[in-house]
Amino acid sequence: TWGADVVVADPWADEEEVANEYGLRLGSVDATNPVDALVVAVGHAEFRRATPSDLRAFCRGYSPVLADVKSLYDRKLAAAAGFTVFRL
């Protein structure tokens, strides 16, 4: 491993089902629990409503990575918010 601590957060997922099916514990990502990188892999309305500036408040560091798997965010706005942007 690369020494990464991964936090899986999904407002629609059932905690018990995720634990039983995938062996994962859901967590939260917010300003009180900041991360070094974000992978947005689902297009839930909660994530679509968030702006890159909103997401940046959840991150620490100079230029955190935003992996925008669903291409929900404008690349230029995300970069302007301070992200290193990766999109599929």
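Summary of the structure given here. (Residues numbered from 1 in each chain as written. Predicted model: local features only at pLDDT ≥ 70, side-chain atom pairs only at ≥ 80, totals over all residues. Heavy atoms only, no water.)

Quick notes on the overall build of the protein chain
Within the protein chain, the regular secondary structure consists of 4 helices and 3 strands. Starting at the N terminus and ending at the C terminus, the protein chain contains elements arranged as α-β-α-α-β-α-β. By the compact-globule yardstick of 12 Å for 88 residues, the protein chain fits well, its C-alpha radius of gyration being 13 Å. A separation of at least 24 residues holds for 50% of the contacts in the protein chain among residues at least 6 apart in sequence. For the protein chain, the computed accessible surface area is about 6,300 Å², with 53% contributed by carbon and sulfur atoms. (Helix = DSSP H or I, 4+ residues; strand = E, 2+ residues; numbered from the N terminus. Rg over C-alpha atoms; globule rule 2.2 N^0.38 Å. Contact = heavy atoms within 4.5 Å. Areas by Shrake-Rupley, 256 points an atom, 1.4 Å probe, with all protein chains shown as cover.)

What to know about the pairing of strand β3 (residues 84-87)
On a regular strand, each side chain points to the face opposite its neighbour's, so the side chains alternate between the two faces of the sheet. Here strand β2 (residues 65-68) pairs with β3 via 4 bridges, running parallel. If you follow Val 65 over to β3, its bridge partner there is Thr 84. You can see the chain leave β2, run along helix α4 (residues 75-80) and come back into β3, and the turn it takes is right-handed. (Pairing = 2+ DSSP bridges. Right-handed = clockwise from strand over helix to strand, strands pointing away.)

Observations regarding helix α1 (residues 15-22)
Capping the start of α1 is the job of one residue whose side-chain oxygen sits 3.1 Å from the backbone nitrogen of Glu 16: Asp 14. Two residues or fewer after α1 comes Gly 23, characterised by a positive phi angle close to 70 degrees. (Polar contact = N/O pair within 3.5 Å; in protein donor to acceptor, adjacent residues only side chain to side chain.)

Description of the sheet that holds β2
Paired through backbone hydrogen bonds, the strands of a sheet run either parallel or antiparallel to each other. Spatially, the 3 strands line up as an open sheet ordered β1-β2-β3, and their pairing is parallel. Of all the strands in the sheet, the pair left with one neighbour each is β1 (37-40) and β3. For this sheet, the mean angle separating the axes of adjacent strands, direction not counted, is 15 degrees. (Axes fitted to C-alpha atoms, helices over the stretch in contact; angles between N-to-C directions.)

Looking at the pattern of salt bridges
Going through the model one piece at a time under the given rule, you end up with 2 salt bridges. Its salt-bridge partner being Arg 60, residue Asp 36 comes within 2.9 Å of it at the nearest N-O pair. Here the residue Asp 36 occupies a position in the loop between α1 and β1, and Arg 60 occupies one in the loop between α3 (52-56) and β2, the gap between them amounting to 24 residues. By relative accessible area, which is 49% here, Asp 36 ends up partly exposed. Classification of Arg 60 as partly exposed rests on a relative accessible area of 42%. (Salt bridge = Lys/Arg side-chain N within 4 Å of Asp/Glu carboxyl O. Buried < 20%, exposed > 50% of the residue type's maximum accessible area, 1.4 Å probe, protein only.)

Observations concerning unusual backbone geometry
We note that Ser 71 has phi near 50 degrees; this positive angle belongs to a residue other than glycine. Along the chain, Ser 71 falls in the loop between β2 and α4. Take Ser 71: its relative accessible area is 32%, and that puts it in the partly exposed class.

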